[in-house]
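Secondary and tertiary structure notes
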Amino acid sequence: MISLAVFCPVRETTAQRSVSGIVSDVFTGEPVEGVSVKSLLSGAETTTSAAGLFVLSIPVSIADTVTFSRIGYREEYIIVTANSAGKNNLHIRMSQDEILSGNIEVNEGRIMTELRYATLPLSVVTESEIKGLPFIAVPNAIQNETGISLLRDGVWANEVSIRGLSRDNVVTLVNGNRIETANNHAGRLALIDLNTVERIELIKGGTSSIYGSGAM
């Protein structure tokens, strides 16, 4: 007689309980979408809907901690005990938090080049040159540079001509900001206090058109 024994493995089923509710912003009261709702013990996880709603199933037999996390908000949590049948219609209020991105490196694309290697027809009047001579205005400080001549509209209103071009073809900038006047009188350079000038840069060529219209 042959005795045959057959063993059939039976998967143990664990009773489940549900945790459900809504997640909202503590300040605005608006629902928060995309919040990660996770069971720390069972690993079950879900996310809130556009209306802030969630339903999470966890085992009944164990006490569990359910966490609520989302970028830009402080993490919240609730504790579900083993004796409770579940928690429904919960209202989780999350407060906003700073987003820490770590160190951010910003690299400058420009390369420092010595003036003698510049491709522009450029000349510079330094601060020591300005203070070493009795100049009364910016045009006087640059009148001796090659290709520069003065245009006079009286004692105080002096303008410069670069390579014979009129004042309409010359643009003046202070720290990169364009200086204009309401009329055609040559008064814009007289508005600059020479005692505050660190250096004067002169671009005498067509490349100066990068500064906009009129910069011939």
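A brief report on the enclosed structure follows. (Residues numbered from 1 in each chain as written. Predicted model: local features only at pLDDT ≥ 70, side-chain atom pairs only at ≥ 80, totals over all residues. Heavy atoms only, no water.)

Remarks on the overall build of the protein
Put simply, the rule is: Numbering of helices and strands runs from the N terminus, with a helix taken as a DSSP run of H or I at least four residues long and a strand as a DSSP run of E at least two residues long. Accessibility here uses a 1.4 Å probe with only protein chains present; expressed as a share of the type maximum, an area under 20% marks a residue as buried, one over 50% as exposed, and anything in between as partly exposed. Every residue pair with non-hydrogen atoms within 4.5 Å of one another is taken to be in contact. The Shrake-Rupley method, run with a 1.4 Å probe sphere, supplies the accessible areas, and residue values consider only the shown protein chains as cover.
Scanning the protein for helices and strands turns up two helices and 13 strands. The burial tally for the protein puts 31% of its 216 residues in the buried class. Restricting to contacts in the protein with at least 6 residues of sequence separation, those with at least 24 account for 53%. Roughly 15100 Å² of accessible area belongs to the protein as shown, and the carbon and sulfur atoms make up 53% of that amount.

Some details on the environment of Ile 148
Residue position: Ile 148 is located in strand S9 (residues 148-152). A relative accessible area of 9% means that Ile 148 is categorised as buried. Discounting chain neighbours no more than four positions away, the residues touching Ile 148 are Ile 142, Gln 143, Val 160, Ser 161, Ile 162, Leu 202 and Lys 204.

Overview of the sheet that holds strand S5 (residues 64-69)
Going by this rule: Here, any two strands with at least 2 DSSP bridges between them count as paired. Lines fitted to C-alpha atoms define the axes, with helix axes restricted to the stretch in contact, and inter-axis angles between N-to-C directions lie between 0 and 180 degrees.
The four strands are arranged S3-S2-S5-S6 in an open sheet whose pairing can be described as antiparallel. Each of the sheet's edge strands pairs with one partner strand only, and the pair in question is strand S3 (45-47) and strand S6 (76-80). If you compare each strand with its neighbour and ignore which way they point, the axes differ by 15° on average. Here strand S2 (residues 36-39) runs beside S5; their pairing, made up of four bridges, is antiparallel. The residue bridging Val 37 from the neighbouring strand is Phe 68, located in S5.

Digging into the sheet that holds strand S1 (residues 16-25)
One open sheet accounts for three strands, arranged S4-S1-S7; its pairing is mixed. In this open sheet, the two edge strands, each paired with only one partner strand, are strand S4 (53-59) and strand S7 (87-94). Ignoring strand direction, the axes of neighbouring strands in this sheet form an average angle of 30°. As defined by bridge partners, S1 adjoins S7 across six bridges and the pair is classed as parallel. For Val 19, the partnering residue across the bridge sits in S7 and is Lys 87.

Quick notes on the pairing of S5
Along any regular strand the residues' side chains alternate between the sheet's two faces. Both S5 and S6 contribute to a ladder of five bridges, which runs antiparallel. By the bridge assignment, Phe 68 is partnered in S6 with Glu 76. Linking S5 to S6, which pair antiparallel, is a turn of six residues; within it Gly 72 sits at a positive phi near 95°.

Overview of a nonpolar patch on the surface
Defined as follows: Here the term patch refers to residues with relative accessible area over 30% and no salt bridge, with like charges joined within 9 Å and nonpolar side chains (Val, Leu, Ile, Met, Phe, Trp, Tyr) within 5 Å. Each reported salt bridge corresponds to a side-chain nitrogen of Lys or Arg within 4 Å of a carboxyl oxygen of Asp or Glu.
Taken together, the side chains of Leu 40, Leu 41 and Ile 62 present a nonpolar region at the surface, about 280 Å² in accessible area. On the secondary structure map, Ile 62 appears in the loop between S4 and S5.

What about the pattern of salt bridges?
Applying the stated rule across the entire model yields three salt bridges. For the salt bridge of Glu 127 with Lys 131, the shortest nitrogen-to-oxygen distance reads 3.0 Å. Taken as a pair, Glu 127 and Lys 131 lie in helix H1 (residues 127-132) at a separation of four residues, close to a single helical turn. Glu 198 serves as the salt-bridge partner of Arg 199, at 3.2 Å between the closest nitrogen and oxygen. What makes Arg 199 partly exposed here is its relative accessible area of 47%.

So yeah, pure geometry; function would need other evidence.
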